[in-house]
Amino acid sequence: MALALLVLPPVAQAAAAPQGWTLTDSSGHLWGLSLFEQPDPAYPAGWRLRLTARSPGQAVDHQRPLLLHDGIGASWSLPNRSEELVREGEELIPTASGQFDARALEPSPSDVQPLQLEVPTDQGEGTAVVMLQPEVVQALHALQPNLAR
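All of these numbers come straight from a predicted model, not from anything done at the bench.

Participant: Looking at this structure, how should I read the sheet that holds strand 6 (residues 97-101)?
Facilitator: Sheets are built from strands that pair by backbone hydrogen bonding, the pairs being arranged parallel or antiparallel. With antiparallel pairing, the four strands of this open sheet are ordered in space as 1-2-3-6. Both outer strands of the open sheet, strand 1 (19-24) and strand 6, are each paired with one neighbouring strand and no more. Taken pair by pair, the neighbouring strands of this sheet meet at an average axis angle of 20°, ignoring direction. Note: strand 2 (residues 30-37) against strand 3 (residues 47-53), seven bridges, orientation antiparallel. The residue of strand 3 that forms the bridge with Phe-36 is Arg-48. Running over the sheet, helix 3 (residues 134-142) touches strand 1, strand 2 and strand 3 and is turned about 135° from strand 1.

Take a look at the structure:
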């Protein structure tokens, strides 16, 4: 069994357990990023990207999408699915977390181009700008064959 885990692609391993990273935005604020498959059958299946503020005073806008840009002109807009952070029918979505639908990552981002996130914040039309680490870029690239799940 341990050998099977070593040879499975990163996405197959991600299905068993969420992947997570700590990121820093351009203002020095910390963010947690999680990549996982939606486990709650009350919501549409598929991959989700969750961002959680780890610095005081940061709050995610639960209405706007998450924007991604690479270094060669490609961009993606991931729909906001923050309502999935609470049980169906509940209204109090945590202000420090936002959840986004990764199925919108089509075509798949390159596994070698840098990716920049524009996290929608609740400060007017503000955004927190985050450059993704290479291992996060590679994990997002590896999702492509599995996005339709």
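Participant: How do you make sense of the sheet that holds strand 5 (residues 75-78) when you look at a structure like this?
Facilitator: Read from one edge to the other, the open sheet built from four strands follows the order 5-4-7-8, with strand pairing classed as antiparallel. The strands lining the two open edges of the sheet, one partner per strand, are strand 5 and strand 8 (127-131). Looking at each pair of strands side by side, their axes are set apart by 20° on average, direction ignored. Where strand 4 (residues 66-70) and strand 5 come together, four bridges link them in antiparallel fashion. Looking at strand 5, one finds that Leu-68 is bridged to Trp-76.

Conventions adopted
- Residues numbered from 1 in each chain as written.
- Predicted model: local features only at pLDDT ≥ 70, side-chain atom pairs only at ≥ 80, totals over all residues.
- Heavy atoms only, no water.
- Pairing = 2+ DSSP bridges.
- Helix = DSSP H or I, 4+ residues; strand = E, 2+ residues; numbered from the N terminus.
- Axes fitted to C-alpha atoms, helices over the stretch in contact; angles between N-to-C directions.
- Contact = heavy atoms within 4.5 Å.

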